Amino acid sequence: MKIAVWTACLLSSVAAYPSVQEHQSNDYPWRAPKATDRRSPCPMLNTLANHGYLPRNGANISMEILIAGLKTSVNLGADATEVVGAAALKGSTTGNASTFHLTDLDKHGLIEHDGSLSRADIYFGDNHSFNATIWAQTASHFTSPIISLATAAKAHKARLAAAQIENPQFNMSASDVQASMIETALYLSVLSNDTGATAVSAWVQKVFTEEKLPIKEGWKRPEGEISVSTLTALVGKLVAEGM
Ligand code: HEM
């Protein structure tokens, strides 16, 4: 009898405390953006807005909202968010210098740069929207279930080379190149299969093409914090692989 009571208690407590994955999908359900919702050229920020970790309307985002949203969702540390968030605020059109709209991130030269993995260069008119043709070039390198450092480095390098040929006004400063390398390190870190360095191809596809966290596919929030130092170390490894 006692055993039956304990079993019942345990089962009810399991039901009362859902797994991290259930927690993610229950509290932060994915919803497609409405026509009036603002989105950015960053596939991850769009994903997080689609799940409600960032305001679903993509508007009036403060540093506090950004830091909390990225920490809760993908374990990006405040140090890393602050660097890129400060650049985002420089393009603010909200009328309040301490907030920005996701669409403010389209401003070329702040964070947005040529040679993106999934967006066209500003020269072609739309540096904001997911571009299936450009993404197909990048994703053509992702032929294995796992994206290794060497593969990620090759995809990045090939995309920069292609953009340079296609765009007569191609222009990337040293800091643009650095930023684009960090973006590769970011997707590898967030969508990693526990190694913190190699990503699951299907998860990367899902974030870029659907702007949805691959929770159903088995993705979990990284346990270790992603910080400026972990990202810098990963960029170093990517460079060593030929990026
Ligand atoms: C863990 C968090 C993040 C991840 C995984 C991530 C990932 C990425 C990736 C992979 C790209 C490249 C897209 C492409 O080349 O097609 C990108 C672009 C971008 N990200 Fe993020 N990002 C994160 C956080 C942020 C934050 C906090 C900001 C600013 C507030 C930001 C702003 C941008 C912008 C403006 C671009 C466009 C750059 C371009 O391709 O021209 N991202 N991000």
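The sections below set out a description of the structure shown in this document. (Residues numbered from 1 in each chain as written. Predicted model: local features only at pLDDT ≥ 70, side-chain atom pairs only at ≥ 80, totals over all residues. Heavy atoms only, no water.)

1. Observations concerning the overall build of the chain
Assigned secondary structure in the chain consists of 10 helices and four strands. The order of α-helices and β-strands along the chain, N terminus first, is α-α-α-β-α-α-β-α-β-α-α-β-α-α. Taking all 243 residues of the chain together, the buried fraction comes to 44%. Counted over contacts in the chain with a minimum sequence separation of 6, partners at least 24 positions apart contribute 60%. Total accessible area on the chain stands at roughly 12100 Å², and carbon and sulfur atoms take up 60% of it. (Helix = DSSP H or I, 4+ residues; strand = E, 2+ residues; numbered from the N terminus. Buried < 20%, exposed > 50% of the residue type's maximum accessible area, 1.4 Å probe, protein only. Contact = heavy atoms within 4.5 Å. Areas by Shrake-Rupley, 256 points an atom, 1.4 Å probe, with all protein chains shown as cover.)

2. Here's the deal with the pattern of salt bridges
A side chain of one charge can pair with a side chain of the opposite charge if their charged atoms are brought near each other. For the coordinates displayed, the defined rule picks out five salt bridges. A salt bridge links E210 to K206; the nearest nitrogen and oxygen atoms lie 3.7 Å apart. In this pair, E210 and K206 are both assigned in helix 9 (residues 201-210), four residues apart and thus about one turn of the helix distant. For K206, the salt bridge goes to E217, with nearest N and O atoms at 2.8 Å. On the criterion of sequence distance, the pair formed by K206 in helix 9 and E217 in the loop between helix 9 and helix 10 (228-240) is long-range, its members being 11 residues apart. Three or more residues joined by partner-sharing salt bridges are found here, namely K206, E210 and E217. (Salt bridge = Lys/Arg side-chain N within 4 Å of Asp/Glu carboxyl O.)

3. Here's the deal with the packing of aromatic side chains
Evaluation of the coordinates by the stated rule reveals six aromatic pairs. An angle of 85° between the planes, with centres 6.1 Å apart, marks the rings of Y187 and F208 as edge-to-face. A residue pair is termed long-range when its members are at least 10 positions apart, and Y187 in helix 8 (residues 174-190) and F208 in helix 9 qualify at 21 residues. Per residue, the accessibility class of Y187 equals that of F208, and both read buried. Directly above the aromatic system of W30 lies the positively charged group of K212, at a separation of 4.5 Å from the ring centroid. (Phe/Tyr/Trp six-rings, centres within 6.5 Å; stacked < 30°, edge-to-face > 60°. Lys NZ or Arg CZ within 6 Å of the ring centre and 35° of its normal.)

4. Looking at the coordination of the iron atom of the ligand
Of all protein atoms, just one serves as a donor to the iron atom of the ligand, and that atom is C42 (SG), at 2.3 Å. Assignment of secondary structure puts C42 in the loop between helix 2 (20-27) and helix 3 (43-51). (Donors = N, O, S within 2.8 Å, 3.2 Å for Na, K, Ca; no water.)

5. A look at the environment of S189
Mapped onto the elements of the fold, S189 is located in helix 8. Aside from chain neighbours lying at most four places away, what touches S189 is G196, P222, I226, L231 and L234.

6. Notes on the site of the ligand
By nearness alone, 24 residues border the ligand, and C42, H113, S116, L117 and S118 come closest of all. Residue S116 places a side-chain N or O atom 2.6 Å away from an oxygen atom belonging to the ligand. Those elements giving two or more residues to the shell around the ligand turn out to be helix 3, helix 4 (63-74), helix 5 (78-90) and helix 8. Examining the composition of the shell around the ligand, we find that four residues originate from one element, helix 8, more than from any other. Counted by class, the shell around the ligand contains 18 nonpolar, three polar and three charged residues. (Near = heavy atom within 4 Å. Polar contact = N/O pair within 3.5 Å; in protein donor to acceptor, adjacent residues only side chain to side chain. Nonpolar A, V, L, I, M, F, W, Y, C, P; charged D, E, K, R; others polar.)

7. Let's talk about the side chain of N75
Note on placement: N75 falls in the loop between helix 4 and helix 5. A polar side-chain atom of N75 sits 3.3 Å from a polar atom in the side chain of R221. Here N75 is in contact with L70, R221, P222, E223, G224, E225 and I226, once residues within four sequence places are set aside.

8. Side note on the packing of helix 3 against helix 4
At a closest axis distance of 11 Å, the pairing of helix 3 and helix 4 adopts a crossing angle of 85°. Overall, the two elements helix 3 and helix 4 adopt an arrangement that is roughly perpendicular. For the pair helix 3 and helix 4, contact is made by M44, L45 and L48 and by L66, G69, L70, S73 and V74, respectively. Counted by class, the contact of helix 3 with helix 4 contains six nonpolar, two polar and no charged residues. (Axes fitted to C-alpha atoms, helices over the stretch in contact; angles between N-to-C directions. Parallel < 35°, antiparallel > 145°, perpendicular 65-115°, else oblique.)

9. Regarding helix 7 (residues 149-166)
Taking 1.5 Å of rise per residue, 18 residues should cover 26 Å, and helix 7 covers 26 Å from first to last C-alpha, within 8% of that figure. Looking only at helix 7, the buried set comprises L149, A152, A153, A155, H156, R159, L160, A162 and A163. Tucked inside the fold, the buried residues of helix 7 contact helix 6 (132-139), strand 3 (146-147), helix 8 and helix 10. (Expected span 1.5 Å × (residues − 1).)

10. Here we look at the side chain of S192
By the element assignment, S192 lies in the loop between helix 8 and strand 4 (199-200). The class of S192 is buried, set by a relative accessible area of 10%. Sequence-distant contacts of S192, defined by excluding residues within four places in its chain, comprise A197, T198, A199 and W203.

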